[in-house]
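So you can see what is in the structure, the chains are spelled out below.
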4 protein chains.
Amino acid sequence: MSAPSLADGGTDFRSDNTGSAAPEILAAIAAANIGTAAGYGEDQWSKQLHQRFSALFETEVRVFPTATGTAANALALAAASPPWGAIYCSRDAHIDSSEANAPSFFSGGAKLVAIDSRDGRILPSALDAALGAAGRGQASKNQPAVLSVTQATELGTVYPPDEVQALAAIARRHDLKVHMDGARLANAMARLGGTPAEVTWKAGVDVLSFGMTKNGGLMCDAIVAFDAGIAERLAFLVRRAGQVWSKMRFAAAQLLAYVEDDLWIRNALKANAAAARISAGVAAVPGVRLRAPVEANEVFLELAPERIDALAAAGIRFFRRTPNLIRLVCRYDTAAADIDALMTALAKSSR
Amino acid sequence: MSAPSLADGGTDFRSDNTGSAAPEILAAIAAANIGTAAGYGEDQWSKQLHQRFSALFETEVRVFPTATGTAANALALAAASPPWGAIYCSRDAHIDSSEANAPSFFSGGAKLVAIDSRDGRILPSALDAALGAAGRGQASKNQPAVLSVTQATELGTVYPPDEVQALAAIARRHDLKVHMDGARLANAMARLGGTPAEVTWKAGVDVLSFGMTKNGGLMCDAIVAFDAGIAERLAFLVRRAGQVWSKMRFAAAQLLAYVEDDLWIRNALKANAAAARISAGVAAVPGVRLRAPVEANEVFLELAPERIDALAAAGIRFFRRTPNLIRLVCRYDTAAADIDALMTALAKSSR
Amino acid sequence: MSAPSLADGGTDFRSDNTGSAAPEILAAIAAANIGTAAGYGEDQWSKQLHQRFSALFETEVRVFPTATGTAANALALAAASPPWGAIYCSRDAHIDSSEANAPSFFSGGAKLVAIDSRDGRILPSALDAALGAAGRGQASKNQPAVLSVTQATELGTVYPPDEVQALAAIARRHDLKVHMDGARLANAMARLGGTPAEVTWKAGVDVLSFGMTKNGGLMCDAIVAFDAGIAERLAFLVRRAGQVWSKMRFAAAQLLAYVEDDLWIRNALKANAAAARISAGVAAVPGVRLRAPVEANEVFLELAPERIDALAAAGIRFFRRTPNLIRLVCRYDTAAADIDALMTALAKSSR
Amino acid sequence: MSAPSLADGGTDFRSDNTGSAAPEILAAIAAANIGTAAGYGEDQWSKQLHQRFSALFETEVRVFPTATGTAANALALAAASPPWGAIYCSRDAHIDSSEANAPSFFSGGAKLVAIDSRDGRILPSALDAALGAAGRGQASKNQPAVLSVTQATELGTVYPPDEVQALAAIARRHDLKVHMDGARLANAMARLGGTPAEVTWKAGVDVLSFGMTKNGGLMCDAIVAFDAGIAERLAFLVRRAGQVWSKMRFAAAQLLAYVEDDLWIRNALKANAAAARISAGVAAVPGVRLRAPVEANEVFLELAPERIDALAAAGIRFFRRTPNLIRLVCRYDTAAADIDALMTALAKSSR
């Protein structure tokens, strides 16, 4: 078996999950692979994890490593919503479009309600209107339970903390919990500056899906619970969901390495910078339009279908959302040469 | 952070999940960490995985990597049972005692039915009697749907394939599917010899929880589906369960390395040999009795409570099941010195 | 306790469930209240029910009495959809707006997908487009499983059988089962003429929620299964849902009486005629507009908010859907005087 | 259709659900069938129901009518247990043996734990031991959540209130809620005397399945919630379970009539007296043994298989539990002649 031959060819902008695990992450796993450790999170790495993340977030938190972002989202939502709850999210939300209704399954019947958004960000007025018309107290209606915001959004934009705060304030007024899907939280942080606390619980977030996989992790994301009740329920929910590794030290070691010396932010800065290069470059390419401002590591381009075909023919890999809309995702390990190749192909495609 | 200091001290016989990831597994991850790869199992490692396991099992199989054994068991059972199904397992079964009713949750209401066993192995007569009295066709009763056998068993014994076959024949007669919890399948294989096919589908198994974590893996187990209908349902069940990694290549690479050059069997032989040493040694220690024959890597010892206390005081780590019953688990990386320390402590405990 | 004093006052157009149980239904209960009968549907009335409905529908059917229409809908859908299924319905569908996501709960996670409609009837082109874009085979998406049509619709219109057939044909092409929410099936039948077979399974329906409550029943609706697989699953689903009465004879006796001598159609004709009188009358009232053609027993009127207030002040009872939209529902027992009162109040409201 | 011909023949001791609806219940339905009433429990009968039952139980209660006892039990338990909860009941409990795991389904995965009993009554020591060993706080175990006691028990015995109190005290100590399956509560009350309050909440019960069907009802039981949190959750659970009739007045009217002038107790006294006659009579029949003391309306008899066959041949209808154990159930409408016939057949069977 020759591993390199198994890698996909081409210049890859398909997703941030097509990339590598960061060397620091692999090193941390190797370093933890010494001696024995109690199972199911009773090890010392896991204990350190709670302390380290509590320090990072400047408040007492509980961290629940999970295998995937889908698990993190669905379990966080299940811990925040009763079975008869309604979960409000943007029309573009990954939890609504791409997670096979896992939130309904894990919660025992909660319902996702899509709210109008602009450039991926939920419109406060639309949220307020939807909550006002939701039928609070009517048993024939799912009861408003959770607001879920995605940071960075599914369209590659970033909520300023005060926008999250404004949405959270509406949510509170209607007695909802607030969930943040932070699959790309690092990319948002890299854009925003500020502290993790400011971007999350200080902006009103009760429970966070903390992404690592897309930004250099290896098979591990996490839920960070700021709310004690949610944390208490999660302790039972994650275990019976088969999301608690017996060799949990290797999850904890990854998460510790991920925030050590700001690795997460440094990686995200690289990915964002790569996306910014594309964004800047396309400004000079006629016939190509950004679908939304590039504020993190994703670029959505509108261009003619035949030009999209030309890009693909030139070996650029990406996902096509509609006949004339493509998504390009930059990773912490996207090479400068890849962007050069992309820009060349884009320029050529117009001829 | 000094990793060694985080490891637990003592001579560790608590579980096979307290040990290390095998170097071959880590090497395979590193080797796969090159270039980019499509997400969610569309990569080349995952494709190779299906081929390699189909060859290994001498039949077309589908492999679904999962984060944990609990997930593997619960999802395999959910794919094999309707929501109103009954799942028959031994009184000692891990799925009944230690997985927080995950099978009921994932299946939407299936019921676990505990069957009498001897040394961890289900008694065929008890199974037959239970199925005969189950109320097939009565809507007020959960309908017999799945038989689950654990190989090696929760008491450290191993089913000869013809015993599995006999149980499976009873199951078939009552129109059940057959699941094997193979959290320690390698240890059973190491004991039995024979081929993976003989121990599983040729003995009547429809779906297998294929353990890797306990035997040198890193955060990954798998479901192997022999039955096409079960495989089809699993494809949807695992995704919405948040058990499909976007960076799936790292799971596939581990599983490929695990069966390469019989690593799984070689590791299991080491663990079994360590357990056999203990078993042989205790024969000479008065006042200590084996609860069940040692046929894999687990040793269950009955001895006086004060001697158990003495063992613990001597720095031996293990789990106490009852006041006078302890479980000692050997790993592929259990050191000879650890067994020496144990035997010394055991000998001393009697004075 | 003086029962009449407990009845609500006013001229009642709130719903068809505010009305009385038909005398024929009560008589049938009394007639069945003689001797003893086996429980849980093993009685002779229940056996006769299957025969009678099979004759009525000109095909072998299985009938599952249920307590409510919500139960009928949710259980029928749960029997027709896997937990990862998607259920397509109109934007106006009661199952989506008013049943607290019961279909998701009973199915274990299926998702409702709202399709554009005109006057309550699903647009075939919109259904086709949605199914084409649904992501069949993608595990990240709920898989198209069921089409649900409401007959008569939630806007008081009726599908001609060939429109149901056209929708069902699209559904079949995409491998879906077809459910009909027949909470007001009798009203549709009364409008359409034709046979029950033509309106249901001959038009492509696999499973039917057969309403009785709204049209003179007493605490009983039913599911009629045309598809054998759906029927088989329902047998288990309804029991554990607590929808199988031990004294089932009283449900069966009601359903038998309901179709005896076309009682259901006769009652529906009365309700429809009442609605038609309103429809005809409002044509002469300036400033009042029908929201949709009146084809069954519901009338949706658009008129100025202050006129709506005036109606309410005049003792007319109804539900207000928006500031200038009201729903008026006629029952089999709506009195001519009630319609007179309504028309008078409407006429007066314009001054 | 000639209704009488549909009734089963024979002398019927099969169940209390084979009997008739009480004339008072049917009269109440007829009396409520006047005028119109708001749907889904917003009617005046339903309002009166809460007041009447609050007076009856001498405390503020909420009453949720349900279609069946299975629904009452499963929903009450789902409202009292988290999805990861464990529900403790007697080995004989109907919720464990005969309700298709509805509690697991409705709760989203709770587990039933069978506790040793004597004559149908849970042994306090066994309950205490089970709770002590339950693994409170261990996420791998379902967490102790509810104790369910059946009153009268499944073996026809009755708990004195102080025994319920003793069990409830153990439950409280372990932080459990207490559910009473009162499918035959009236029969227990008739035996015990005392007030409804003393038998339920004063003995520690938080939520009650209040049976009516078996004692003269027509298609209606109820949940009575003493605990405010349980009541709040039930309001949403019952609706999406399809257990809230739109014509709720007819359920409320039945329940009101059922407790009016102690109808429930008067009916139960008749059924109990019939069972007592059998109990007294068999004392004189050699070779027939009571399996448990007859304290309510059920009689369990042990006798030789061929005598059981003889009884059946003599036209006595009953259920056979094992080859030499039968259950005879008396109803409020069991005729004296039926008991005469039974005693004659029993006497003859010995020859």
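Here the residue index of a chain counts from 1 through its sequence in written order. Just so you know, chain letters begin at A and ligand numbers begin at 1, following the order they were written in. pLDDT decides what is reported in this predicted model: residues at 70 or higher carry local features, side-chain atom pairs at 80 or more are listed and counted, and totals for whole chains, interfaces and linings draw on all residues regardless. For side-chain calculations, the full set of non-hydrogen atoms in the structure is used, while hydrogens and water are omitted.

Enquirer: For this particular structure, what's the right way to read the overall build of chain A?
Expert: Helix and strand counts for chain A come out as 15 helices and 15 strands. With the radius of gyration taken over C-alpha atoms, the globule rule is written as 2.2 Å times the number of residues to the power 0.38. Scaling as 2.2 N^0.38, a compact globule of 351 residues should have a C-alpha radius of gyration of about 20 Å, and chain A matches this with 20 Å. A principal-axis box enclosing the C-alpha atoms of chain A has dimensions of 60 × 60 × 35 Å. Put simply, chain A has 351 residues, and 64% of those count as buried. Only the protein chains shown count as cover for residues, and the accessible areas themselves come from Shrake-Rupley with a 1.4 Å probe. When the accessible surface of chain A is summed, it comes to about 11,200 Å², and 52% of that surface belongs to carbon and sulfur atoms. Numbering of helices and strands starts at the N terminus; helices are DSSP runs of H or I of at least 4 residues and strands are runs of E of at least 2. Each residue gets one of three labels from its accessible area relative to the maximum for its type: buried under 20%, exposed over 50%, partly exposed in between, using a 1.4 Å probe on protein chains only.

Enquirer: Explain the packing of aromatic side chains here, please?
Expert: Aromatic ring pairs: the centre-centre distance and the angle between the two ring planes describe each pair. In summary, the pairing rule links any two rings of Phe, Tyr or Trp, Trp by its six-membered ring, whose centres are within 6.5 Å, and it sorts them by plane angle into stacked for under 30 degrees, edge-to-face for over 60 and tilted for everything else. Counted under the stated rule, the structure contains 44 aromatic pairs over all chains. Ring centres of F105 of chain A and F105 of chain B lie 4.9 Å apart, and the angle between their planes is 20°; on these two criteria the pair is classed as stacked. Note that F105 of chain A is positioned in helix α6 (residues 102-107) and F105 of chain B in helix α6 (residues 102-107), a pairing that runs across two chains. Judged by centre distance (5.4 Å) and plane angle (50°), the rings of F210 of chain A and W264 of chain A are tilted. Residue F210 of chain A is found in strand β9 (residues 207-210), and its partner W264 of chain A is found in helix α13 (residues 263-282); the two are separated by 54 residues along the sequence. When its relative accessible area of 1% is taken as the criterion, W264 of chain A is described as buried. Counting every residue linked through ring pairs, the aromatic cluster contains F53, F57, F210, F226, Y258 and W264 of chain A. Cation placement over rings: the criterion is NZ of Lys or CZ of Arg within 6 Å of the ring centroid and within 35° of the ring normal. Its end group placed over the ring of Y40 of chain A, R239 of chain A keeps NZ or CZ at 4.0 Å from the ring centre.

Enquirer: Looking at this model, I keep getting lost on the sheet that holds strand β14 (residues 319-322) of chain B. Mind explaining?
Expert: For sheets, the rule is that strands pair by backbone hydrogen bonds, running either parallel or antiparallel. All names here are of chain B. Strand order in the open sheet formed by four strands is β11-β12-β15-β14, and the pairing between neighbours is antiparallel. Each having just a single partner strand, β11 (289-290) and β14 make up the two edges of the open sheet. If DSSP finds at least two bridges between two strands, the strands pair. Here strand β12 (residues 298-302) runs beside strand β15 (residues 325-329); their pairing, made up of five bridges, is antiparallel. Bridge pairing in β15 places V299 opposite L328. We call two residues contacting when some pair of their heavy atoms lies within 4.5 Å. Inter-axis angles, ranging from 0 to 180 degrees, are taken between N-to-C directions of lines fitted to C-alpha atoms, where helices are fitted over the stretch in contact. Contacts between helix α13 (residues 263-282) and the sheet are confined to β11, β12 and β15, with β12 contributing the most and set at about 25° to the helix.

Enquirer: Got a minute to help me understand the sheet that holds strand β2 (residues 62-66) of chain B in this structure?
Expert: Residues and elements named next belong to chain B. Overall, mixed pairing links the seven strands, which are arranged β2-β10-β9-β8-β7-β3-β4 in an open sheet. The open sheet terminates on both sides in strands that have one partner only, identified here as β2 and β4 (111-115). Along the sheet, successive strands turn relative to each other by an average axial angle of 25°, direction set aside. When strand β9 (residues 207-210) meets strand β10 (residues 221-225), the two strands line up antiparallel, connected through four bridges. The residue of β10 that forms the bridge with L208 is V224. Against the sheet, helix α3 (residues 44-56) contacts β2, β9 and β10, and its axis sits at roughly 120° relative to β2.

Enquirer: Please clarify how the relation of the copies chain B and chain A should be interpreted in this entry.
Expert: The second copy of the chain is related to the first by a rotation about an axis and a shift along the axis. Taken as rigid bodies, chain B and chain A are interconverted by a rotation of 180° and an axial shift of 0.0 Å, the fit giving an RMSD of 0.0 Å. Here the copies are linked by what is in effect a two-fold axis. The position closest to the rotation axis in chain B is occupied by the C-alpha of A67 of chain B, lying 3.1 Å away. Same-surface contact between copies: 100% of interface residues of chain B are shared with the interface of chain A. Residues reaching a pLDDT of at least 70 in both copies supply the C-alpha atoms on which the copies are superposed by least squares.

Enquirer: Even after reading the chapter, I still don't get the pairing of strand β12 (residues 298-302) of chain C, so can you show me in this structure?
Expert: Two faces, one strand: in a regular strand the side chains alternate between the faces of the sheet. All names here are of chain C. Burial runs high along β12: four of the five residues are buried. Direction of pairing for strand β11 (residues 289-290) relative to β12: antiparallel, over a ladder of two bridges. Bridge pairing in β12 links R289 to E302.

Enquirer: How do you make sense of the interface of chain B and chain A when you look at a structure like this?
Expert: Many descriptions give the size of an interface as the accessible area lost when the pieces come together. Facing the 59 residues of chain B at the interface are 59 residues of chain A. Two parts lose some accessible area (1.4 Å probe) when they are put together, and adding that loss for both gives the buried area. When chain B packs against chain A, the two sides together hide about 5,200 Å² of surface, and 59% of this comes from carbon and sulfur. In terms of surface lost to chain A, no three residues of chain B exceed M219, R240 and K247 of chain B, which account for 15% of the buried area on that side. Counted as salt bridges are all cases of a side-chain nitrogen of Lys or Arg within 4 Å of a carboxyl oxygen of Asp or Glu. Connecting chain B to chain A are zero salt bridges. For the purposes of these results, a polar contact is taken to be a pair of N or O atoms within 3.5 Å, where, inside protein, one atom must be able to donate a hydrogen and its partner to accept one; residues adjacent in sequence count only when each atom of the pair is a side-chain atom. Seen at the junction of chain B and chain A, the total is 30 residue pairs in polar contact (both at pLDDT 80 or more).

Enquirer: Sorry, what's going on with the nonpolar core here?
Expert: In a soluble, globular protein the nonpolar side chains are often hidden away together inside. By convention a nonpolar core is built from buried Ala, Val, Leu, Ile, Met, Phe, Trp, Tyr and Cys residues, the set being connected through side-chain atoms within 4.5 Å. F210 of chain C together with F210 of chain D are the most contacted members of the largest nonpolar core, which totals 207 residues. Among all residues touching F210 of chain C, those that are not within four sequence positions of it are F53, F57, G182, L185, D221, A222, V224, L255, Y258, V259 and W264 of chain C. Ranked by size, the runner-up nonpolar core spans 205 residues in total, among them W45, M212 and A231 of chain A together with L131 of chain B.

Enquirer: So what exactly am I meant to see when it comes to the environment of M248 of chain D here?
Expert: Residues and elements named next belong to chain D. When you line up the elements, M248 lands in the loop between α11 (228-240) and α12 (249-259). The class of M248 is buried, set by a relative accessible area of 6%. In the structure, M248 is positioned 182 residues away from T66 in sequence and 10.0 Å away in space, judged by C-alpha atoms. For M248, the contacting residues outside a window of four places in its chain are Y40, G41, D43, S46 and P65.

Enquirer: For this particular structure, what's the right way to read the relation of the copies chain C and chain A?
Expert: Screw-axis analysis of chain C against chain A gives a translation of 0.0 Å along the axis, an RMSD of 0.0 Å, and a rotation angle of 180°. The share of interface residues of chain C whose copies in chain A are also at the interface is 100%, consistent with both copies meeting through the same surface.

Enquirer: Could you clarify how one ought to interpret the environment of A100 of chain A in this entry?
Expert: Mapped onto the secondary structure, A100 of chain A falls in the loop between α5 (94-97) and α6. Separated by 20 residues in sequence, A100 of chain A and A80 of chain A place their C-alpha atoms 19 Å apart. Not counting chain neighbours up to four residues away, the residues in contact with A100 of chain A comprise R240 of chain B together with A139, S140, K141 and N142 of chain C.

Enquirer: In this structure, what is going on with the side chain of T150 of chain B? I would like to understand it.
Expert: Residues and elements named next belong to chain B. With respect to the helices and strands, T150 occurs in strand β7 (residues 143-150). Looking at T150, its side chain comes within polar contact range of the side chain of E154, at 2.9 Å. Ignoring any residue separated from it by four or fewer positions in sequence, one finds T150 in contact with Y159 and D181.

Enquirer: Could you clarify how one ought to interpret the interface of chain C and chain A in this entry?
Expert: Each side of the interface is counted separately: chain C has 17 residues, and chain A has 17 residues. If you sort the residues of chain C by the area they bury against chain A, A100, N101 and K111 of chain C come out on top, with a joint share of 37%. Joining chain C to chain A, the criterion identifies two salt bridges. Residue D96 of chain A pairs with K111 of chain C through a salt bridge whose shortest N-O separation is 2.8 Å. Linking chain C with chain A are 14 residue pairs in polar contact (both at pLDDT 80 or more). Counting only elements with at least two residues in the side of chain C that touches chain A, the list comes to α4 (94-97), α5 (102-107) and β4 (111-115) of chain C.

Enquirer: Looking at this structure, how should I read the environment of G39 of chain A?
Expert: In this fold, G39 of chain A is placed in the loop between α2 (23-32) and α3 (44-56). Between the alpha carbons of G39 of chain A and D262 of chain A there is a distance of 28 Å; along the sequence they are 223 residues apart.

Enquirer: Is there a simple way to explain the pattern of salt bridges in this structure?
Expert: Where charged atoms from two side chains of opposite charge come close, those side chains can pair. Residues and elements named next belong to chain C. The tally for this structure, following the rule as stated, stands at 71 salt bridges over all chains. A salt bridge links D116 to R91; the nearest nitrogen and oxygen atoms lie 2.5 Å apart. Separated by 25 residues along the polypeptide, D116 in the loop between β4 and β5 (117-118) and R91 in the loop between β3 (85-90) and α4 bring together distant segments of the chain. Between E298 and R184 there is a salt bridge whose closest N-O contact spans 3.3 Å. Of this pair, E298 sits in strand β12 while R184 sits in the loop between β8 (177-182) and α8 (185-192); the two residues are 114 residues apart in sequence, bridging distant segments of the chain.

Enquirer: Hey, could you run me through unusual backbone geometry in this one?
Expert: Among all residues save glycine, negative phi is the norm, and among peptide bonds the norm is trans. Residue and element names in this part refer to chain A. Look at the link from Q151 to A152: it is a cis peptide, with omega at -10°. Along the chain, A152 falls in the loop between β7 (143-150) and α8 (161-173). Residue D261 is not a glycine yet carries a positive backbone phi of 50°. Note that D261 resides in the loop between α12 (249-259) and α13. Judged by its relative accessible area of 61%, D261 falls in the exposed class.

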